[in-house]
Amino acid sequence: MALQAALLPSTLSVPKKAGNLAAVVKDTSFLTVPQKKLQVPSLSVRAQAVATAPVATPGASTSTKDAKKTLRQGVVVITGASSGLGLAAAKALAETGKWHVVMACRDFLKAAKAAKGAGMADGSYTIMHLDLASLDSVRQFVDNFRRAGMPLDSLVCNAAIYRPTARTPTFTADGYEMSVGVNHLGHFLLARLLLDDLQKSDYPSRRLIILGSITGNTNTLAGNIPPKAGLGDLRGLAGGLRGQNGSAMIDGSESFDGAKAYKDSKICNMLTMQELHRRYHEETGITFASLYPGCIATTGLFREHIPLFRLLFPPFQKFIAKGFVSEAESGKRLAQVVSDPSLTKSGVYWSWNKDSASFENQLSQEASDPEKARKLWEISEKLVGLA
Ligand code: LMG
Ligand code: NDP
Ligand code: PMR
């Protein structure tokens, strides 16, 4: 393929000091910000002494001749980094200089504009195409990411769509209902494929993070605003969520409800995180986590809601429900879950209190049901072609 053909000659002609990794990234630069401005993460490492590096531990790479232990720049992939929380977290992480952010986005130009608009420095990020509404695209993303030659130290499954007023389903390229297809199934495949890469990383704390939400947890007031989340016995999912010859809803309901489909997809996200933890944490040492970042009432998530809702929801959250957080604040929270040395515990659903201190939150009974998590895992494997 053209990409591979393009790789070989210039790999050989790259100046020695840049090395092969730079050549690979150079030639996949059509996927990235302009090549001349791109820094290769592992080559643009800043020497950070143990004393100042936040998570420097034995086993981190050594990049100075005086044998000081240093932590190389980490590489984090964030899906849906073109807007809202994903963009704010990308900015927060890139600004530290300790992270190179791979923005995995369905709309390259939007992502490029968003990164520039947010003031992210050239070279601190790479944009790669990923459309979670297509399992082929997920696989292509994984191939492209591997070809770029970067390590993977942290993966954030952040992208989502919410269709609050939809009464008829839409479908992914593979024919699955869109909210669950994008928010859960696309991420399920991505996470499964990239586990290998996370495992290969020599970074001291490797993490896989999947966004959850309060609205999927029926042990909260917010989780009791109708329509309530609920997966039932997963018969709709097992039937393929196709809508025509079955149900487009996970629980098998005949009628479609876009708001419920989103909340259901968030239960899937939280169950998947826990199942990953049970299956892989001990063996791999990877930290699996989920979080509720607060109510970020101003993001694009509400783009399909009625205008009156979009107008009133932010002040409602600020002054009445008191769940509001700004995009910048939520970005810092997610950045903490990616890189804070104190948040290495696996299997946790993080939340924050009013002073923005993180705490381990309790999931609802359904969102922490191990039997349901196992069943969800097995059905999802079939739907994404892994079993
Ligand atoms: C469903 O409706 C839709 O059917 C579905 O399509 C989907 O969109 C789904 O979850 C998404 O929602 C849910 C419905 C159920 O909620 C509403 O219709 C209410 C929407 C209101 C959104 C918030 C805007 C509130 C505006 C208040 C004004 C703010 C101004 C602030 C200015 C401050 C200045 C100092 O809703 C329910 O069933 C309600 C359940 C009972 C809730 C408990 C009551 C607590 C009361 C708390 C405050 C009340 C706020 C006023 C609500 C006004 C509603 C129009
Ligand atoms: P936004 O709509 O601002 O961001 C969602 C991102 O997902 C966008 O970048 C969007 O891309 C991307 N996306 C949507 N569909 C696809 C697709 N098919 N393939 C790839 N990317 C896609 O929403 P938020 O920032 O609010 O949401 C981010 C996460 O936070 C979600 O997981 C959400 O569930 C969670 N969350 C949000 C809360 C809130 O109050 N906002 C509360 C709790 C959790 P594009 O820019 O191209 O549209
Ligand atoms: Mg909710 C009491 C606290 C609280 C919190 C933290 C949220 C978060 N909400 C709360 C209360 C209420 N909400 C109340 C009392 C109402 C009735 C007026 C209410 C309504 C409401 C609607 C209609 N809320 C909503 C909607 C949405 O469409 C949002 C949604 O469900 O998206 C799936 C939403 C949200 N409320 C939240 C949060 C975090 C959301 C959206 C984002 C998400 O879960 O991802």
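Residues numbered from 1 in each chain as written. Chains lettered and ligands numbered in written order. Predicted model: local features only at pLDDT ≥ 70, side-chain atom pairs only at ≥ 80, totals over all residues. Heavy atoms only, no water.

A.B. asks: Before we go on, may I ask you to explain helix α11 (residues 370-383) in this structure?
C.D. replies: An α-helical turn contains 3.6 residues, so a residue and the one three or four places further along point in the same direction. End to end, α11 covers 20 Å across 14 residues, agreeing with the expected 20 Å (1.5 Å per residue, within 8%). Taken together, the buried positions of α11 are K372, A373, L376, W377, I379, S380, E381 and L383. Its side-chain oxygen 2.9 Å from the backbone nitrogen of E371, D369 forms the N-cap of α11. Directly after α11, the chain includes G385, whose backbone phi takes a positive value near 80°. (Helix = DSSP H or I, 4+ residues; strand = E, 2+ residues; numbered from the N terminus. Expected span 1.5 Å × (residues − 1). Buried < 20%, exposed > 50% of the residue type's maximum accessible area, 1.4 Å probe, protein only. Polar contact = N/O pair within 3.5 Å; in protein donor to acceptor, adjacent residues only side chain to side chain.)

A.B. asks: Even after reading the chapter, I still don't get the site of ligand 3, so can you show me in this structure?
C.D. replies: In the region of ligand 3, 19 residues are neighbours, and Y162, S213, T215, Y262 and H305 sit closest. Within the side chain of S213, an N or O atom sits 2.6 Å from an oxygen atom of ligand 3. Between ligand 3 and the protein, one listed contact pairs an oxygen atom with a side-chain N or O atom of Y262 at 2.4 Å. Of all elements in the fold, only α8 (258-284) and α9 (307-321) reach the threshold of two or more residues within the shell around ligand 3. At 5 residues, the largest contribution of residues to the shell around ligand 3 is made by α9. Within the shell around ligand 3, the residues separate by chemical class into 14 nonpolar, 4 polar and 1 charged. (Near = heavy atom within 4 Å. Nonpolar A, V, L, I, M, F, W, Y, C, P; charged D, E, K, R; others polar.)

A.B. asks: Quick question: what am I supposed to make of the sheet that holds strand β2 (residues 99-105) here?
C.D. replies: The strands making up a sheet are joined through hydrogen bonds of the backbone, oriented either antiparallel or parallel. Spatially, the 8 strands line up as an open sheet ordered β3-β2-β1-β4-β5-β6-β7-β8, and their pairing is mixed. Each having just a single partner strand, β3 (125-129) and β8 (358-360) make up the two edges of the open sheet. Shown here is a sheet whose adjacent strand axes are inclined to one another by a mean of 25°, direction ignored. Bridge count between strand β7 (residues 348-352) and β8: 3 bridges; the pairing is antiparallel. If you follow W350 over to β8, its bridge partner there is E360. Where helix α3 (residues 84-95) meets the sheet, its contacts fall on β1 (74-79), β2 and β5 (207-211), and the angle it forms with β2 comes to roughly 160°. Sheet strands touched by α8: β5, β6 (287-291) and β7. Its angle to β6, the strand with the most contacts, is close to 160°. (Pairing = 2+ DSSP bridges. Axes fitted to C-alpha atoms, helices over the stretch in contact; angles between N-to-C directions. Contact = heavy atoms within 4.5 Å.)

A.B. asks: I would appreciate a short explanation of the packing of aromatic side chains in the present structure.
C.D. replies: Geometry of an aromatic ring pair is reported as the spacing of the ring centres plus the angle between the planes. This model, assessed by the stated rule, comprises 10 aromatic pairs. Residues W99 and Y203 carry aromatic rings whose centres are separated by 5.4 Å and whose planes lie at 55° to one another, so their mutual orientation is tilted. Of this pair, W99 sits in strand β2 while Y203 sits in the loop between α6 (178-200) and β5, and the two are 104 residues apart along the sequence. Note on accessibility: W99 and Y203 belong to one class, buried. With centroids separated by 5.9 Å and ring planes inclined at 50°, the aromatic side chains of F302 and F309 adopt a geometry described as tilted. What makes F302 buried here is its relative accessible area of 10%. Accessibility expressed as a relative area gives 22% for F309, which makes it partly exposed. Through successive ring pairs, a cluster of aromatic residues spans Y162, Y262, F302, F309, F313 and F316. In this structure, K318 packs its charged tip against the face of F324, placed 4.7 Å from the ring centre. (Phe/Tyr/Trp six-rings, centres within 6.5 Å; stacked < 30°, edge-to-face > 60°. Lys NZ or Arg CZ within 6 Å of the ring centre and 35° of its normal.)

A.B. asks: Can you walk me through the environment of D153 in this structure?
C.D. replies: Looking at where D153 falls in the secondary structure, it is placed in the loop between α5 (135-147) and β4 (154-157). By relative accessible area, which is 0% here, D153 ends up buried. D153 sits 133 residues away from I286 along the chain, and the two C-alpha atoms are 9.5 Å apart. Excluding its chain neighbours within four sequence positions, the residues that come into contact with D153 are R72, Q73, G74, V75, W99, L198, S201, Y203, S205, R206 and R207. A polar atom in the side chain of D153 sits 2.8 Å from the backbone nitrogen of V75. Of the polar contacts made by the side chain of D153, one reaches the side chain of S201; its length is 2.6 Å.

A.B. asks: Would you explain the site of ligand 2 in this entry?
C.D. replies: The full set close to ligand 2 counts 31 residues, and S82, S83, N158, Y262 and T299 are the nearest of them. S83 places a polar side-chain atom, nitrogen or oxygen, 2.5 Å from an oxygen atom of ligand 2. Grouping the constituent residues of the shell around ligand 2 by class yields 16 nonpolar, 10 polar and 5 charged.

A.B. asks: Honestly, the packing of α8 against α11 in this entry has me stumped. Any pointers?
C.D. replies: Helix-helix packing: each pair is described by the crossing angle between the helix axes and the interaxial distance. Where α8 contacts α11, the axes come no closer than 9 Å and their chain directions differ by 90°. The orientation of α8 with respect to α11, classified from their angle, is roughly perpendicular. Seen from α8, the contacting residues are C268, L271, T272, E275, L276, R278, R279 and Y280; seen from α11, they are P370, K372, A373, R374, L376 and W377. Class assignment for the residues of the contact of α8 with α11 results in 8 nonpolar, 1 polar and 5 charged. (Parallel < 35°, antiparallel > 145°, perpendicular 65-115°, else oblique.)

Purely geometric stuff here, so don't read any function into it on its own.
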